[in-house]
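Per-entry structural report
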Amino acid sequence: DTPIRLADYTPPPWRVSTVDLAFDLAIDACEVTAHLALVREDANAPLRLDGEGLELLAIALDGRPLAAGEWRYADDMLEVPGARDGSVLETRVRLRPADNTALEGLYLSGSRERGFLLTQCEAQGFRRITFFPDRPDVLACYSVTLRADRARFPVLLAGGNPAGAGDLDDGRHFARFVDPHPRPSYLFALVAGHLEHRERDYVTADGRPVKLKIWSEADAIDRCGFALDALERAMRWDEQAYGRNYDLDVFHVVATHDFNMGAMENKGLNIFNAKYLLADPAVTTDDEYRAIEAVVGHEYFHNWTGNRVTCRDWFQLSLKEGLTVFREQQFIAALHVPALKRIEDVALLRRTQFPEDAGPLAHPVRPAEYRAIDNFYTATVYEKGAELVRMIAGRLGAAGFRRGMDLYFARHDGRAATIEDFLAALGEANGLDLAPYLAWYAQAGTPRVTARGEYDEVARSYTLQLRQSTPPTPGQPEKRPLPIPLKLALFDREGRLLPLHLDGAASAGATECVVVLDEAEQSFVFRQVETPPVPSLLRDFSAPVILACDYAPADLALLLAHDPDGFNRWEAGQQLARRAWQALRDGRDDDASLAHWCAALRRSFDEASLDPALLAELLTPPGEIELTEGDTAVDPVRVHVLRERLERHLADTLGDRLASRYHELSAVGDDDRLDAPAQARRRLKRRVLALWALRDPAAAFAAAAQQYARAPGMTDRLAALTVLVHREAPQAAAALADFRARHAEDALALDKWFAVQAQQPGDAALARVRALEADPAFTMKNPNRVRALWGSYAHGNPSGFHRADGAGYRFLIERLRALDALNPQVAARLATAFNGWSRLEPGRREIVRELLAGLAAEPRLSSNLAEILARLLA
Ligand code: HT7
Ligand code: ZN
């Protein structure tokens, strides 16, 4: 397997102007007839088309059937030397959707009897459907005809505008769709089977009437309403924020329980993992409601950032994903509390992307090479990519960014673009050269910024000295300085903002400014500073870096109490908690961080004006993975024990207030409402219950059991169940049995039942996971179930997975071997649970090294899993 390199990109030697596809659909065997109108770009290149696992039934060129010697199909490539510019190639192939366990290309969701057919083509699934130059820079106009038995496949859908439907012989029927917009092959989709829908009429800002249709299997049709509302909100927001309108007469969204990822933005026919579309308070938590709104928005926003303007090649993946995540974040912030959204996004970045950047799988936002592109749908490409767009948008300001986006759309509509094109459009629209930001896309690793402040009492000046460095990552031993915008403010010791007079800056007197650190080391001098200040740095997390500042614990406590920047207020608490945890770890009892953290939170706890959701976040110390950031020789079990000790200190500080606050929150009586205040109260109640259970387990368990029994919705029920199961409460077994029986027929609820048990901290988790594999509802064929059980254990339970005896590691290796034979994409993603292995303490590290090497040496691994293992071991 030789890697594919960005540096080797060449434009396509052949293009396709129109594609006409006809499908004769059935569960076991489908036939696909394709007519491709070919355009030759390179006179010397023979026609070569991608095709994976296709059974070729017929082939003709310009209407003439080809003889055996006139074509060659080998190594996933069809070669037709006789094709000329303007030729039409016709192929007919057979597919076997019911045998497709990889869930790429055309496959079956659900049972043979009642399930439906669907496709997944990103990144390279279209070549499993028909022969085609399956690369995103080949854009064509698609017409699609679907034919099938009407009784078995009453609904036939493809992307594009409806262009006819009707009956055929023998109980069959057809439907035809034409898409006027040129698009790459990865956006092709079809769906066929028994489905119901909910619909709404929508008129775009530029006057186009559109039918919005959300489809699901009959049993879930009442769960589509929330997504329909969210879709409408997203469409309006994109019109208002970016001036972007929808561009077809119909927009279909379909839910499936069998999906490798979260959702897919196929043109005119989005396909969603049911987990991110179907909502019902009885099974959907508040967090999931927010996720559904975000993913519905995300996929819709792709219509412009990804579909109308697509990627030249897969190295540019972040051009659509980073930008679309950023747009999705803006959308959610506009609808909800912006500071809370920022806290959630940064916490996610630190939990998922920072460890990626610090381990053997580190790669730039624009990778330089890959073997299996599916392995690069990562937190780096998505979340860090979004941070880069945010940084650049911040540099341009809201109006400048909009100007730049308008130019980007105008210039590249209907084409495939690069990250250079994106930065050029943003820069040119604002008379700026943004090329220095390209270094962020090319360089892996999280920069560390060290800040030191010095106050000169005589000169009344404050000098902020900043340094940056980025640790080496695989293949990149040397790093260069990056442009790092640092938003900052200064406080006096009473917690009042000070006016800023920065040397060389225009806007004197403002209370917030941005300095750009673009060298290894720089100093910034503030004048007229009347008192030794406390700096609030990296406000709103203005760049994706790790900041170290020589704060005294009292300084952080001051920011935690007074910073009006909601993000930095939370951040000050996180820094204090981290220091307190480190002091516990190192046995230092002279450190004042713990006392300051607890005291500050006791005050916040009683602050009437504080949003309960924000308070819940303030009361949550950094997670077990974040706490080990930058550490080597990590013992995840000890990390867990020490973090719990930290939480216990907090619980003891809050004392009886926990019980009384819990009862107060329970007594409000709005537990079945979905509005923001009700959600915020439930969020705080969940946190308070968890802390209370550390201080007074018996009373908290009794309250949790009652909450479980009386809960009107899943948020409260799952919060209670989690406390009972994770704390091994005597009431846990009965609650688990009740949950299993109550939701026996509900896949999305059952996933939670598997996940909550797989995340039970400590050694007991593994036996539980093994036992749960014997539950009749467990199947390795369903990615959601695999993620709920094995994924929750390996990715979401550090102290359970990283058992000192290595049993967790051996278990995962065995499961990966079996899963890879069925679904390589999901197996490869699960294997990334080993990402942090090189930072483990030596005993665990040696066990993992041996196990990974053993698996990597096995024959017949998929290229997806083989690539991950090779990178883990490099
Ligand atoms: N663009 C979508 C990516 C996706 C995907 C990639 C590889 C394999 C399966 C997949 N399903 C969906 C998701 C997104 O909107 O970002
Ligand atoms: Zn996306």
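Per chain, the residues get numbers from 1 upward, laid out in the order the sequence is written. Numbering of ligands from 1 and lettering of chains from A proceed in the order in which they are written. Since the coordinates come from a predicted model, pLDDT governs what is reported: local features require at least 70, and pairs of side-chain atoms require 80 or more to be given and counted, while whole-chain, interface and lining totals use all residues.

A closer look at the overall build of the chain
Our working rule: Starting at the N terminus, helices and strands are each numbered in turn, a helix being any DSSP run of H or I of at least four residues and a strand any DSSP run of E of at least two. We compute the radius of gyration over the C-alpha atoms and compare it with the globule rule, which gives 2.2 Å times the number of residues raised to the power 0.38. Residue burial here comes from a neighbour count, namely the number of other C-beta atoms, placed from the backbone, that lie within 10 Å of the residue's own C-beta, with 20 or more meaning buried, 12 or fewer meaning exposed, and in between meaning partly exposed.
Helices and strands together make up the secondary structure of the chain, namely 26 helices and 31 strands. Computed over its C-alpha atoms, the radius of gyration of the chain comes to 28 Å, within 12% of the 29 Å expected for a compact globule of 874 residues. Taken along its principal axes, the extent of the C-alpha atoms in the chain is 90 × 65 × 60 Å. By the burial criterion, 51% of the 874 residues in the chain qualify as buried.

Quick word on helix 8 (residues 553-562)
Every α-helix carries 3.6 residues per turn, so stepping three or four residues along brings you back to the same face. Worth spelling out the cut-off: Any residue pair is listed as a contact if its two C-beta atoms, each placed from the backbone, are within 7 Å.
Burial of helix 8 is extensive: 7 of the 10 residues sit out of reach of the surface. Of the positions making up helix 8, those classed as buried are Pro 553, Asp 555, Leu 556, Ala 557, Leu 558, Leu 559 and Leu 560. For helix 8, the secondary structure elements touched by its buried residues are strand 27 (484-491), strand 30 (534-536), helix 9 (566-586) and helix 10 (593-605).

Considerations on the sheet that holds strand 16 (residues 190-193)
Applicable threshold: Paired strands are those between which DSSP finds at least two bridges. Orientation is described by lines fitted to C-alpha atoms, with helices fitted over the stretch in contact, and by angles between N-to-C directions that extend from 0 to 180 degrees.
Ordered in space as 10-11-16-13, the 4 strands form an open sheet in which the pairing is antiparallel. At either margin of the open sheet sits one strand with a lone partner, and together these are strand 10 (105-109) and strand 13 (155-158). If you compare each strand with its neighbour and ignore which way they point, the axes differ by 15 degrees on average. One ladder, built from 2 bridges, connects strand 11 (residues 116-120) with strand 16; its direction is antiparallel. Counterpart to Leu 118 in the pairing with strand 16 is Val 191.

Re the packing of helix 13 (residues 636-654) against helix 15 (residues 676-695)
Packed helices, taken two at a time, are described by their axes: the angle between them and the distance between them. Applicable threshold: In these notes the angle categories are as follows: under 35 degrees is roughly parallel, over 145 is roughly antiparallel, 65 to 115 is roughly perpendicular, and the rest is oblique. Under the convention adopted here, Pro, Cys and the residues Ala, Val, Leu, Ile, Met, Phe, Trp and Tyr are nonpolar, Asp, Glu, Lys and Arg are charged, and Gly plus all remaining residues are polar.
Here helix 13 crosses helix 15 at 90 degrees, and the two axes come no closer than 8 Å. It follows that helix 13 is roughly perpendicular to helix 15 by the angle criterion. Of helix 15, the residues touching helix 13 (which contributes Glu 647, Arg 648, Leu 650, Ala 651, Asp 652 and Leu 654) are Leu 691, Trp 692, Leu 694 and Arg 695. Taken together, the residues that form the contact of helix 13 with helix 15 break down as 6 nonpolar, no polar and 4 charged.

Notes on unusual backbone geometry
The linkage connecting Glu 122 with the following residue, Ala 123, adopts the cis geometry, with an omega of 0 degrees. With respect to the helices and strands, the residue Ala 123 is situated in the loop between strand 11 and strand 12 (141-149). Unlike most non-glycine residues, Arg 460 shows phi in positive territory, near 55 degrees. Tracing the backbone through its elements, the reader meets Arg 460 in the loop between strand 25 (448-456) and strand 26 (461-469). The class of Arg 460 is partly exposed, set by 14 C-beta atoms lying within 10 Å. Even without a glycine there, the phi angle at Glu 728 is positive, about 50 degrees. Within the secondary structure, Glu 728 sits in the loop between helix 17 (714-726) and helix 18 (732-742).

Some points on the nonpolar core
For the record, the criterion: We define a nonpolar core as a collection of buried residues of the types Ala, Val, Leu, Ile, Met, Phe, Trp, Tyr and Cys that are connected via C-beta atoms lying within 7 Å of each other.
Ala 227, Leu 689, Ala 704 and Leu 724 are the most contacted members of the largest nonpolar core, which has 262 residues in total. With 10 residues, the top contributor of residues to this core is helix 5 (residues 379-412).

Points about the site of ligand 1
Our working definition: We call a residue near a molecule or strand when the C-beta position, derived from backbone atoms, sits within 6 Å of it.
Around ligand 1 sit 15 residues in total, of which Glu 122, Asn 260, Met 261, Met 264 and Asp 374 are the nearest. Every element with two or more residues in the shell around ligand 1 is listed here: strand 20 (263-264) and helix 2 (286-301). Looking at the shell around ligand 1, its residues break down into 5 nonpolar, 5 polar and 5 charged.

A short note on the environment of Leu 736
Mapped onto the fold, Leu 736 is located in helix 18. Judged by the 16 C-beta atoms lying within 10 Å of it, Leu 736 is partly exposed. Each C-alpha atom of the pair Leu 736 and Val 155 lies 38 Å from the other, and the pair is 581 residues apart in sequence.

Some thoughts on the UniProt feature "domain: Peptidase M1 alanyl aminopeptidase Ig-like fold" (unreviewed entry) in the chain
Note the following rule: UniProt positions are given in the numbering used here, feature names are shortened, and annotations may be inferred rather than shown by experiment.
In the UniProt entry, the feature "domain: Peptidase M1 alanyl aminopeptidase Ig-like fold" (unreviewed entry) is given for residues 445-548. The straight-line gap between the two end C-alpha atoms of residues 445-548 is 16 Å; of that span, 0% is helix and 41% is strand.

Notes on the sheet that holds strand 30
With respect to topology, 3 strands assemble into an open sheet ordered 28-27-30, the strand pairing being antiparallel. With partners counted over all chains shown, the strands left at the sheet margins are strand 28 (513-517) and strand 30, one partner each. For this sheet, the mean inter-axis angle between neighbouring strands, taken without regard to orientation, is 40 degrees. Relative to strand 30, strand 27 is paired through 3 bridges, and the arrangement is antiparallel. Among the inter-strand pairings, Ala 489 is bridged to a residue of strand 30, identified as Ser 536. Contacts between helix 8 and the sheet are confined to strand 27 and strand 30, with strand 30 contributing the most and set at about 55 degrees to the helix.

Focus on the pairing of strand 26
Burial along strand 26 is one-sided: the face carrying Tyr 462, Leu 464, Leu 466 and Gln 468 is buried and the face carrying Ser 461, Thr 463, Gln 465, Arg 467 and Ser 469 is not. Linking two consecutive strands that pair antiparallel, namely strand 25 and strand 26, is a turn of 4 residues; a positive phi of about 55 degrees is found at Arg 460 within it. Across 6 bridges, the pairing between strand 26 and strand 29 (residues 521-526) is antiparallel. Of the residues in strand 29, the one forming a bridge with Leu 466 is Gln 522.

What to know about helix 6 (residues 419-428)
All of the buried residues in helix 6 are Ile 419, Phe 422, Leu 423, Ala 425, Leu 426 and Gly 427. Where helix 6 is buried, its residues meet helix 3 (317-335), helix 5, strand 24 (415-417) and helix 7 (438-442).

Observations concerning the environment of Thr 145
Structurally, Thr 145 can be placed in strand 12. C-alpha of Thr 145 to C-alpha of Ala 163: the two residues are 18 residues apart in sequence and 9.2 Å apart in space. Beyond its immediate chain neighbours, meaning those up to four positions away, Thr 145 contacts Ala 22, Phe 174 and Arg 176.

As for the environment of Val 529
The residue Val 529 is located in the loop between strand 29 and strand 30 in this model. In this structure Val 529 comes out as buried when scored by C-beta crowding, with 22 C-beta atoms within 10 Å. Sequence separation of Val 529 and Tyr 462 is 67 residues, and the distance between their C-alpha atoms is 6.6 Å. Each residue touching Val 529, except ones within four places of it in the same chain, is listed here: Tyr 455, Arg 460, Ser 461, Tyr 462, Leu 490 and Leu 498.

Side note on the domain arrangement of the chain
The cut-off we apply is this: Segmentation into domains, and thus their bounds, comes from an automatic or database assignment.
Under the domain assignment, the chain is made up of domain 1 (309-442), domain 2 (448-543) and domain 3 (762-874). Computed from C-alpha atoms alone, the centre-to-centre distance between domain 1 and domain 2 is 25 Å. Opposite the 11 residues of domain 1 that make contact, domain 2 presents 11 residues. The set of elements that each furnish at least two residues to the side of domain 1 that touches domain 2 consists of helix 4 (338-357), helix 5 and helix 7.

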